[in-house]
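# Structural features, examined
One-letter residues, chain by chain:
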Amino acid sequence: RCIYSKCCTHNLFSFSNSENTSNSNEYFYGYFGNSKNNQNEHLTIKTRFDECGEWGGHFEKIIIFNKNDSRKLYAKYEETNYDCSNGNQNPKIVKTNEVEVKENEKKEIKNYLKKLIEFKSNSFVTGNSGMSYSAVSQDSTLIIYTYNNDEECKRAFKKLKFNLHL
């Protein structure tokens, strides 16, 4: 289990430097694999926005998975609402989309993970306010979590959504 960013960075960068795209499925299935109810969830990428200041804001989540032991990867996007006036007791999913992840789009996921590690290792936040970003593998062997109010973080997440057609 990677506890420190340097360990995770080394493992992720070591793989991603490979030019052999035929192994990219093995990366996703081998590293993020495990079966769960005919749907293999591999990775959950989540961002919490901060439109309510210290109380947080809405969530956007991308789940990378495959269906029924298929070798095709999919990305499911979910966005929740947030009512700042009541602390959002019962957030509801207000937007959802599911797409197949093509071979060239897998690279975009890996690039976002590298960026997230970079943001984590370069940030120093003294509290837990602002926007939060996370990426967690289904088996919890990869966990990246950071608070970061840098606009570059927000742009990187938006770019990932755009590149995955979500």
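Please read all numbers here as calculations on a predicted model, not as lab measurements. (Residues numbered from 1 in each chain as written. Predicted model: local features only at pLDDT ≥ 70, side-chain atom pairs only at ≥ 80, totals over all residues. Heavy atoms only, no water.)

One way to put it is that helix 3 (residues 103-122) packs onto helix 4 (residues 151-163) with a least axis distance of 10 Å and a crossing angle of 170 degrees. Considering the angle they form, helix 3 stands roughly antiparallel to helix 4. Crossing handedness for the pair helix 3 and helix 4: left-handed. Side by side, helix 3 and helix 4 meet where E105, E108, I109, Y112, K115 and F119 of the first sit next to E152, C153, A156, F157, K159, L160 and N163 of the second. (Axes fitted to C-alpha atoms, helices over the stretch in contact; angles between N-to-C directions. Helix = DSSP H or I, 4+ residues; strand = E, 2+ residues; numbered from the N terminus. Parallel < 35°, antiparallel > 145°, perpendicular 65-115°, else oblique. Left-handed = near helix turned anticlockwise from the far one by under 90°. Contact = heavy atoms within 4.5 Å.)

Note on aromatic pairs: each is described by the distance of the centres and the angle between the planes. The final tally for this structure, using the stated rule, is 3 aromatic pairs. Centre to centre, the rings of Y145 and Y147 are 5.6 Å apart; their planes meet at 90 degrees, and the pair counts as edge-to-face. Residue classification places Y147 among the buried positions, given a relative accessible area of 18%. Over the ring of Y74 we find K67; its NZ or CZ atom is 4.5 Å from the centre of that ring. (Phe/Tyr/Trp six-rings, centres within 6.5 Å; stacked < 30°, edge-to-face > 60°. Buried < 20%, exposed > 50% of the residue type's maximum accessible area, 1.4 Å probe, protein only. Lys NZ or Arg CZ within 6 Å of the ring centre and 35° of its normal.)

What follows covers the pairing of strand 6 (residues 143-147). With 5 bridges connecting them, strand 5 (residues 132-137) and strand 6 associate as antiparallel partners. Bridging from a neighbouring strand, Y133 pairs with T146 of strand 6. If you look at the hairpin formed by strand 5 and strand 6, you'll find 5 residues sitting between the two strands, and S140 has a positive phi there, around 65 degrees. (Pairing = 2+ DSSP bridges.)

Now for the state of the cysteines. Counting across every chain of the model gives 1 disulfide. Sulfur-sulfur distance for the disulfide between C52 and C84 comes to 1.5 Å. Handedness of the C52-C84 disulfide follows from its S-S torsion of about -70 degrees: it is left-handed. Of this pair, C52 sits in the loop between strand 1 (39-48) and strand 2 (59-67) while C84 sits in the loop between strand 3 (73-80) and strand 4 (93-101), and the two are 32 residues apart along the sequence. The exposure class of C52 is buried, given its relative accessible area of 13%. The class for C84 is partly exposed, based on a relative accessible area of 42%. (Disulfide = S-S within 2.5 Å.)

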